[in-house]
Amino acid sequence: MTEKQEHLLQLLREIDEICKKHHLRYVMAGGSLIGVVRNEGFIPWDDDVDIYMPRDDWDKFVEIARTELPPDRAVQAVDVDREFTNTFPRYADTASCAIHKHQLIGKDKAGEIVDVLTLDPIPADDREYEKYRTHMMIYSELVNVAFVYGSRWEIPAGMYLKYLLYEKIFGRDKTLKKLEKIMFSYKEEECDRYAMRWGGCPFLFDKDMMFPVKYMEFEGLQVMVPNRVSDYLIWHYGDEWSYIPPHEERSSHEAITLEDSTYEELREEYMKRVNPGKIRRNSVFRKMYHLLTAKGRHRLSRKRNLLKAKAVELDLEARIRENPESLESMVEKREFAALNEIFSQYYQIQLSKEFIGREDFGNIYPFYHPVLLSISDEAFEAAMMTLICTERVAKAHRMLQLKEKLDHLTPKMQQMADDIVLFRKAACHYEMKEKDEAGAICRELLGRYPENPGVLKLLCRLVMERASESGDTSQAETLVAHTLDIYPDDGYFLKYKADLVLKKEGKAQALPLYAEAREKTNNGITHLEIDKYLKTEKEEAIRNCRELLNREKKEEALSWASLWERLLPEDETIRGYACLVRSTFETDSEQLSELEKLLYAKMAEYEEKPEKMSGEDSSVWCEAMEAFLCRTGYPKEYAKKKIQMFLTADQKILDELCVQVLEFDNDEKKEAVRYKLAGDIQYKMGCTAQAFACYRKALEGELPVGIRGELADVILEDLYKGGKKAAALARKKDAMEYLDHWLGKYENLETLQGLFIRTLNHYGVAE
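Here the structure is a predicted model, which is why all the values come from computation and not from measurement. Along each chain, numbering runs from 1 in the same order as the chain's sequence is written. For this predicted model, a pLDDT threshold of at least 70 governs which residues receive local features, and a threshold of 80 or more governs which side-chain atom pairs are given and counted, while totals over whole chains, interfaces and linings are taken from all residues. Excluded from the side-chain calculations are hydrogens and water; all other atoms, namely the structure's heavy atoms, are used.

Next up on the list: a negative patch on the surface. Negative charge collects at one region of the surface, where Asp 665, Asp 667, Glu 668 and Glu 671 lie side by side. Put simply, DSSP marks the helices as runs of H or I at least four residues long and the strands as runs of E at least two long, and each gets a number from the N terminus on. Locating Asp 665 in the fold gives a position in the loop between α30 (651–662) and α31 (668–685). Only residues above 30% relative accessible area that lack a salt bridge enter a patch, with like-charged residues linked at up to 9 Å and the nonpolar side chains Val, Leu, Ile, Met, Phe, Trp and Tyr linked at up to 5 Å. Per-residue accessibility takes into account occlusion by the displayed protein chains alone, with areas from the Shrake-Rupley method and a 1.4 Å probe. Whenever a carboxyl oxygen of Asp or Glu lies within 4 Å of a side-chain nitrogen of Lys or Arg, that contact is scored as a salt bridge. Note that His is not counted, nor are the chain ends; the positive residues are Lys and Arg, and the negative ones are Asp and Glu. By convention, the charge on Lys lies at NZ, on Arg at CZ, on Asp at CG and on Glu at CD.

Attention shifts here to the packing of helix α4 (residues 126–143) against helix α6 (residues 172–183). In this analysis, axes come from line fits to C-alpha atoms, helices being fitted only over the stretch in contact, and the angle between any two N-to-C directions falls in the range 0 to 180 degrees. Between α4 and α6, whose axes approach to 9 Å, the crossing angle comes to 160°. As the angle between them shows, α4 and α6 are arranged roughly antiparallel. The interaxial crossing formed by α4 with α6 has left-handed handedness. Touching Lys 131, Tyr 132, His 135, Met 136, Ile 138, Tyr 139, Leu 142 and Val 143 of α4 are Arg 172, Thr 175, Leu 176, Leu 179, Glu 180, Ile 182 and Met 183, all from α6. Basically, the charged four are Asp, Glu, Lys and Arg, the nonpolar ten are Ala, Val, Leu, Ile, Met, Phe, Trp, Tyr, Cys and Pro, and anything else, Gly included, counts as polar. Counted by class, the contact of α4 with α6 contains 10 nonpolar, two polar and three charged residues. An angle counts as roughly parallel when it lies under 35 degrees, as roughly antiparallel when it exceeds 145, as roughly perpendicular when it falls between 65 and 115, and as oblique in every other case. Each crossing gets its hand from how the near helix is turned against the far one by less than a right angle, where anticlockwise is left-handed and clockwise is right-handed. Here, two residues are considered to be in contact whenever any of their heavy atoms come within 4.5 Å of each other.

Any region with low pLDDT has predicted coordinates that should not be read closely. Summarising the model, the protein chain shows a mean pLDDT of 89, and 94% of its residues fall at 70 or more. Per residue, pLDDT measures the predictor's confidence, with a range of 0 to 100. Per-residue pLDDT, averaged within each element of the protein chain, yields its smallest value for helix α35 (residues 749–762) (66) and its largest for helix α13 (residues 344–350) (97).

What follows concerns the nonpolar core. Generally speaking, soluble globular proteins have nonpolar side chains that are buried together. In plain words, nonpolar cores are sets of buried Ala, Val, Leu, Ile, Met, Phe, Trp, Tyr and Cys residues tied together by side-chain atoms within 4.5 Å. Summary of the burial criterion: residues with accessible area below 20% of their type's maximum are buried, those above 50% are exposed, and those between are partly exposed, where the area comes from a 1.4 Å probe applied to protein chains only. One finds Phe 343, Tyr 346, Met 384, Trp 560 and Trp 564 to be the most contacted residues of the largest nonpolar core, which totals 144 residues. With sequence-adjacent residues up to four places away left out, Tyr 346 is seen in contact with Val 312, Leu 316, Leu 351, Leu 373, Ile 375, Phe 380, Ala 383, Met 384 and Met 399. Ranked by size, the runner-up nonpolar core spans 81 residues in total, among them Leu 33, Val 116, Met 209 and Met 224.

This brings us to a nonpolar patch on the surface. Taken together, the side chains of Leu 161, Leu 165, Ile 169 and Phe 170 make up a nonpolar region of the molecular surface, amounting to roughly 390 Å² of accessible area. For Leu 165, the position within the fold is in helix α5 (residues 157–170).

Here it is, written out as structure tokens:
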């Protein structure tokens, strides 16, 4: 956990305590719920916590908060504080500083927060929802100046202007109360749905999707989660919710945060340079412009999409015509890789947010006004079957819903739509621990989709759990072997094979399979299950590593490092021990070069964040660095001093360290190393003239090859950067002053030439 995540966890713990004490409901939501299911805690890159809370429970929470909140805490909501600038409430730490965009010119509290997205009861009549939604957009426009909300729904500009004038005449409080009376008039017991109170998009949920709550673990805390977790996550994120996204797709939330300041101090600093009145006026003009032009922009966007759709339709027709085999025949033979290629451009356009939208802030208009490409029924059936059989069930479901609404469904399409609902039902049965019912549905679906990976995965999970309970693994072995015949490179199934091998053959044979399974899937649930087992083996693995190091078992130790880095690639302790092994035994020059970069980066991290120096992680990394330095030629006591140098930026400590190094014993064999290390310390202190005086003395002696290479890199980098800066200064102004300062540490031209030649000699470049 990061420091910010620890902070947020404490806020969540306080909310959870109040809710459990007073029998209030909430549920984890959004990315926080993914973290519960996929990580049993925070997603590693996540930096916020989202929960949903029914309106009635929130109102009670507000009353309780008047007397029971811990120090430096506040409930933030526009119905509590009219200065608040967002439509949904928050639970905030007022002693911290985290200002979001919409709060920049506000006066509300702005610390670290947990978002409490309120669930407002809504009747089954869609007209009532549309009424709620319209007023919620106007409400959002008035509350939050930073965003434009209503243009995506084509809310009339006149309606916004009417309420804006009402606010000017009667005040903010009376205007918002007027809107709240309309929006919050429905009683929970009379409604079947909730609308999430968010100006971005007030999502609709069935009440039984959320409640009654269930409990799961989040960073050691038993938190409330929705009644139908998988239904909610699939609805919100699609089938891919359980998969870990690549690094470039991982996002976090943006806020201006300061560790050693309060939000009041920060506001006082920047508000002197800001004109809030001007910003608000500009915001009103911007909102009016977008509301007035929304219909025109949407019409143009739709025309553009229709033109693009026609091009894709013609391309797909050509692909089908040129294909030697019929689509129906390819589906029967389950040639889904080839079918996926045929439909690749169709999928890219038809499944895009521009064409079918998504229930989020930026793509809600096309969600309610989708564009459906006109293709033959045969092609549509083949395309949907390919989606279903390549684990894109949520996308197929959405497309079948649109096809039914905008066109028609053939019997085959209707069967597919029914089967998707049936599969979701099986997942719900599994969540409710109704395994027999879930298994029966899976077997029924496999009759129609014999190699469907999603159905096979759920069935494998059921069969493996039954095998674990009964001890009889024969059925599980048969099913897992069958799935791996079809999908030999799917890590999900490989993980089950590893589980079976572990039971029958032991750890030595199972661990390489677990490593292979992790590498061949980015399914977060599979990773979590592998991690749970490996954490029980971690201490023994570390003891084995120590034993191999002590006994100098080179090949076995390197094999250990390679395996456990694959097994737990993000575990800092394991990575540290793997680096220690490589620092001790690795001989490949390329591997050693990568290791050097990693170790130096880790030392820089410890210098920047000294709090990370506590615990086993830091000690093993420092031990790895020490071993690496000894490999390059530093005596052990010198290596320890160099590590001390890495870990501090304190000038006084560095000065004392330099004195200690220069006072080391007078062993002539170590003299050159002593001067090299003293030079490094002085260089870090900014004493470059003294540093290079030490470097010259070091080069006059006998430096080990590895240390000579280090010094050569320092000198060449200095010459490169200094020469580059001198050239830039020479083009703009006289560079003599800089040249005197830069080259002064080399004494004279002859010394510089000699140093340069000795440096290049290290690389075999010059004599």
